[in-house]
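# Descriptive analysis of the structure
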Amino acid sequence: EKLQLPFEGSFINFGGTIKTRKENGECVAAVHWDSRGKSLCNASHCNWVEAYRYGTREIIKDTKTGKFDVTPGKMHALDQMPPSLASRSFPPAGDKTYDRSDPNLCDTKSARDDSKLHCKQARAGDWIGYRWYRFVDQPGMRRLRLSQEQEAWVQARIERFHKAMMPSAPLNAWLKPPKGLPKLVEVDAALLVEPPEHLKAGYVPVVVYQGLEKPSSC
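Note that the coordinates shown come from a computational prediction; the quantities given were computed from them, not determined experimentally. (Residues numbered from 1 in each chain as written. Predicted model: local features only at pLDDT ≥ 70, side-chain atom pairs only at ≥ 80, totals over all residues. Heavy atoms only, no water.)

### A few points about the overall build of the protein chain
Check the secondary structure of the protein chain and you find three helices and eleven strands. When the helices and strands of the protein chain are listed from N to C terminus, the series reads β-β-β-β-β-β-β-α-β-β-β-α-α-β. Buried residues in the protein chain amount to 23% of all 218 residues. Counted over contacts in the protein chain with a minimum sequence separation of 6, partners at least 24 positions apart contribute 54%. Carbon and sulfur atoms make up 53% of the accessible area of the protein chain, which amounts to about 16800 Å² in all. (Helix = DSSP H or I, 4+ residues; strand = E, 2+ residues; numbered from the N terminus. Buried < 20%, exposed > 50% of the residue type's maximum accessible area, 1.4 Å probe, protein only. Contact = heavy atoms within 4.5 Å. Areas by Shrake-Rupley, 256 points an atom, 1.4 Å probe, with all protein chains shown as cover.)

### Notes on unusual backbone geometry
In the Ramachandran plot, Arg145 falls in the positive-phi region, its phi being about 50° despite a non-glycine side chain. Structurally, Arg145 is set in the loop between helix H2 (139–142) and helix H3 (148–165). Residue class for Arg145 comes out exposed when judged on its relative accessible area of 74%.

### So, the confidence of the model for the protein chain
Scored by pLDDT, the protein chain comes out at a mean of 75, with 62% of its residues at no less than 70. Per-element confidence in the protein chain ranges from a low mean pLDDT of 62 for strand S1 (residues 2–7) to a high of 92 for H3. (pLDDT = per-residue confidence, 0-100.)

### Side note on the sheet that holds strand S11 (residues 203–211)
Read across the sheet, four strands follow the order S8-S11-S10-S9 without closing on themselves; strand pairing throughout is antiparallel. Every interior strand has two partners, whereas the edge strands, strand S8 (98–99) and strand S9 (118–121), have only one. Strand direction decides the pairing type here: S8 and S11, joined by two bridges, are antiparallel. Residue pairing across strands places Asp99 opposite Tyr209, the latter belonging to S11. (Pairing = 2+ DSSP bridges.)

### Let's talk about the pairing of strand S10 (residues 127–134)
In terms of residue burial, S10 counts as a mostly covered element, since seven of its eight residues are buried. Turn length for the S9-S10 hairpin, with the two strands adjacent in sequence and antiparallel, is five residues, and the turn residue Gly125 shows positive phi of about 105°.

Take a look at the structure:
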């Protein structure tokens, strides 16, 4: 039996086979690697065959049942990669740190003069830094330059909305998932944050930092 892993409707072949045999009255399995490829094996061990996927997923809705079907991209072994793709060069990642952690960002102020930067480490290993802002004080709202009367009206509406959601949060009539939709994404639990007790109504978290290094102000 080939050593392969099902992946999104296709298979990744790891370049070996699984063989079973009886040993001392028990059934045991052993992996036999394909040693013909010098780049795959050496005297002590073998590496898994790398694979890549090309083509985009297609999401098709059945007009009769209303259900969705996902068609994954095709999988190919690395040695089957087209020369045009294998010879293509890509720019280096560089420094991808996003840092807007200045408490006075965009002439804003964080919740109740609390300038503390809250941090969580995502599953991918990077660090996310965020601050709690009153809804109308977040950077995106400050750019609208609302009048004091407009700010008061919007803030009151948001506070009433948050309070109405609290009894059944996070499940409520506002956030019901559509029926028949396939699982397309998985949200990292580290990205779900719980507001402090005194900031549950009328306040929102705003990401101001993302990078591989944990901010010293956390």
